[in-house]
Structure formats: C-alpha cells, structure tokens
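Architecture at a glance
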Amino acid sequence: SQQGEEDPQALSIQEGENATMNCSYKTSINNLQWYRQNSGRGLVHLILIRSNEREKHSGRLRVTLDTSKKSSSLLITASRAADTASYFCATVNSGGSNYKLTFGKGTLLTVNP
Amino acid sequence: KAGVTQTPRYLIKTRGQQVTLSCSPISGHRSVSWYQQTPGQGLQFLFEYFSETQRNKGNFPGRFSGRQFSNSRSEMNVSTLELGDSALYLCASSSGQGVGELFFGEGSRLTVL
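Conventions we followed
Residues numbered from 1 in each chain as written. Chains lettered and ligands numbered in written order. Predicted model: local features only at pLDDT ≥ 70, side-chain atom pairs only at ≥ 80, totals over all residues. Heavy atoms only, no water. Helix = DSSP H or I, 4+ residues; strand = E, 2+ residues; numbered from the N terminus. Contact = heavy atoms within 4.5 Å. Pairing = 2+ DSSP bridges. Axes fitted to C-alpha atoms, helices over the stretch in contact; angles between N-to-C directions. 1 Å grid on protein atoms, 1.4 Å probe; cavity = no way out; pocket = protein on both sides within 12 Å on 5 of 7 lines; lining within 4 Å. Points joined across faces, edges and corners; volume = space filled by probe spheres on them. Nonpolar A, V, L, I, M, F, W, Y, C, P; charged D, E, K, R; others polar.

Here we take up the environment of B:Ser33. Within the secondary structure, B:Ser33 sits in strand S4 (residues 31-38). Through-space distance from the C-alpha of B:Ser33 to that of B:Leu90 is 8.2 Å; in sequence the pair is 57 residues apart. Excluding residues that lie within four positions of it along the chain, B:Ser33 makes contacts with A:Tyr99, B:Phe47, B:Glu48, B:Leu90, B:Cys91 and B:Ala92.

If you want it as structure tokens, here you go:
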C-alpha cells in the first residue's frame, strides 16, 4: 500500500527554474526520505528528514516537513537538464517494525534545456 | 567502495517458471531489502533481511521468498511466475540500524511471457 502521495504526478519546467514537489502521507512517521530515479535505473537517496526536523538543505535541495499536516515538500533550485528524473518520497513509520520504506508513486520531473 | 550489485540485469521467463535474483550489498552492510516496481503499483516492499534473519515482510504471496547468506548477499525467488510478476526488482542495502538511507542497485528487469 502507498503511504506517500506525490503531487504533481508530472512537472515540466525550463532549465534554471525551481521545481517544487509535494508529498502527503497518512500515518505517524520516524523519518521521511526523498529519492531520485533516472528512467529504469536504481534509486538514489537525496535527503532524509526526521520527524522532529522542519527543514533541511543539501546543495540545491531544500526539504520541509510539516508533521501536523502530514506533508513534505522538495524544492530543487536552479534546475538543470540532468535533474530530469522521477522523484519519490518514502516514509519510515514510527512504532512497530521500522525496517521498510513505504514509497509514494512519484513525480516525473522534466527539465527542458 | 563498490555499490550494490544485482544480477541478472535482464531476464525473460515464461508463465509457470521460477526465477532467482541475486543481490550483493555494499561491503559492511548487513541489511538487504527487496522492492518490486511496476507502473501500476509503484514501489512495493517485499522483505528485509538482517544477519540472515527476515525482519519484515511485505504483502506478497508465498510464491515470493528470499534469503540472506552469512556474507550478507541475498537472493529472492519467485516460483510459478505469473504475467503480473513482470517488474523491476530492486535490492537495497544499509547498515541495518533502523531505516536510514538505503543504497539501491540498478535492479533486475523481469519479463514474464
């Protein structure tokens, strides 16, 4: 079952513009992670934000987390054609066994040169 | 440090056959997880192993099984293949202390005819 739901499902922008993707989830979490996947390839970890954090930065990436709204956003600034990929949020639920990630269906980002 | 290695990368099987996929984690990682990715269902958790013990299992039929060896390498097996088993099977490794960043392999693309 999907925990996170990304919005939008697809996003097309021009190089240099910023891209914002949103993720909503349903249950309490331990942490939330964002991954990137180039077409048909493996996933690459981008950033992890814990449930007690509100914002995190890594290079051109900025992630926010609002646990009261059960939502997160990923901002990619000054996008490049190489950022074209699918982006997934994934949650680790709090409580119980926490040895798995529950992924959303992803946002397909296209950055046009 | 070598990444996560999955073999084979591509394979074609017919309905009713069985398949074994292999995953070699990053050196020192003791946790291996398996995920199935399809266009319809997205990324679904199959199971997770740590030190040869299955710690968590997703909601898949018993035809899907896995194991982990003492050197942390893991295999997953799907018996009596169905058309719906066609998917990208992704393996990920981590240190195994809770669920932080996962390191994914490039996947094994299974086509069932």
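Once you've had a look at it, read on.
Attention now moves to the sheet that holds strand S7 (residues 61-66) of chain A. Residue and element names in this part refer to chain A. Overall, antiparallel pairing links the five strands, which are arranged S1-S3-S8-S7-S6 in an open sheet. Strands at the two margins of the open sheet, each flanked by one partner only, are strand S1 (5-7) and strand S6 (55-58). Adjacent strand axes in the sheet meet at a mean angle of 20°, parallel and antiparallel pairs treated alike. Note that S7 and strand S8 (residues 71-76) share six bridges and pair antiparallel. From the neighbouring strand, Leu 65 faces S8, where its bridge partner is Ser 72.

Approximately 430 Å³ is the volume attributed to the largest pocket. Lining the largest pocket we find 20 residues, and of these A:Gln37, A:Ser86, A:Phe88, B:Gln37 and B:Pro39 sit closest to its centre. When contributions to the lining of the largest pocket are tallied by element, the ones reaching two or more residues are strand S9 (85-93) and strand S11 (107-112) of chain A together with S4 of chain B. Looking at the lining of the largest pocket, the element that brings in the most residues is S9(A), giving three residues. Split by residue class, the lining of the largest pocket holds six nonpolar, 12 polar and two charged.

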